[in-house]
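Residue-level structure breakdown
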Amino acid sequence: MPARDFFHSVMRIGPVQIGTHRDRHGTTKHAAVCSNDGCGWSADYTSQSAAQLAARTHRCRVARRPPPWTSRSGSP
């Protein structure tokens, strides 16, 4: 039988999404996933408050590119 991809109580804190689901043993888990392209960070927690804390303290290692008008090449 295929696993169900069913999340409920989904919330977003910055780039991190938190969703509640049941694992294969029927235990309620809270997944925190960073939605930035190239980051790839995710983790499962047993309490929602732990997932929220991880979401608030998560720092992406993906460097954001500066806007093109902030280029320092050439003279003004």
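The sections below set out a description of the structure shown in this document. (Residues numbered from 1 in each chain as written. Predicted model: local features only at pLDDT ≥ 70, side-chain atom pairs only at ≥ 80, totals over all residues. Heavy atoms only, no water.)

**What about the overall build of the chain?**
Helix and strand content of the chain: 1 helix and 4 strands. Along the chain, helices (α) and strands (β) appear in the sequence β-β-β-β-α when read from the amino end. Expressed as a percentage of its 76 residues, the buried residues of the chain come to 21%. Expressed as a percentage of contacts within the chain between residues at least 6 apart in sequence, the contacts between residues at least 24 apart total 22%. (Helix = DSSP H or I, 4+ residues; strand = E, 2+ residues; numbered from the N terminus. Buried < 20%, exposed > 50% of the residue type's maximum accessible area, 1.4 Å probe, protein only. Contact = heavy atoms within 4.5 Å.)

**Topic: the nonpolar core**
The tendency in soluble globular proteins is for nonpolar side chains to be buried side by side. If you look at the biggest cluster of nonpolar residues, it comprises 6 residues: Ile-13, Val-16, Ile-18, Ala-32, Ala-51 and Ala-55. Where this core is concerned, the elements lending two or more residues are β2 (16-22) and α1 (48-57). Excluding anything up to four places from it in sequence, Ala-51 contacts Ile-18, His-30, Ala-32 and Tyr-45. (Core = buried A, V, L, I, M, F, W, Y, C linked by side-chain atoms within 4.5 Å.)

**Considering unusual backbone geometry**
One non-glycine residue, Ser-9, adopts positive backbone phi at about 55°. Position of Ser-9 among the secondary structure elements: in strand β1 (residues 8-13). The class of Ser-9 is partly exposed, set by a relative accessible area of 45%.

**Quick notes on the sheet that holds β2**
Strand order in this open sheet of 4 strands is β1-β2-β3-β4, and the pairing throughout is antiparallel. Because the sheet does not close on itself, it has two edges, and the strands there are β1 and β4 (42-45). Each strand axis lies, on average, 20° off the axis of its neighbour in the sheet, ignoring direction. Two elements, β2 and strand β3 (residues 28-34), share 7 bridges in a ladder whose sense is antiparallel. From the neighbouring strand, Gln-17 faces β3, where its bridge partner is Val-33. Across the sheet, α1 is in contact with β1, β2, β3 and β4; its angle to β1 comes to roughly 25°. (Pairing = 2+ DSSP bridges. Axes fitted to C-alpha atoms, helices over the stretch in contact; angles between N-to-C directions.)

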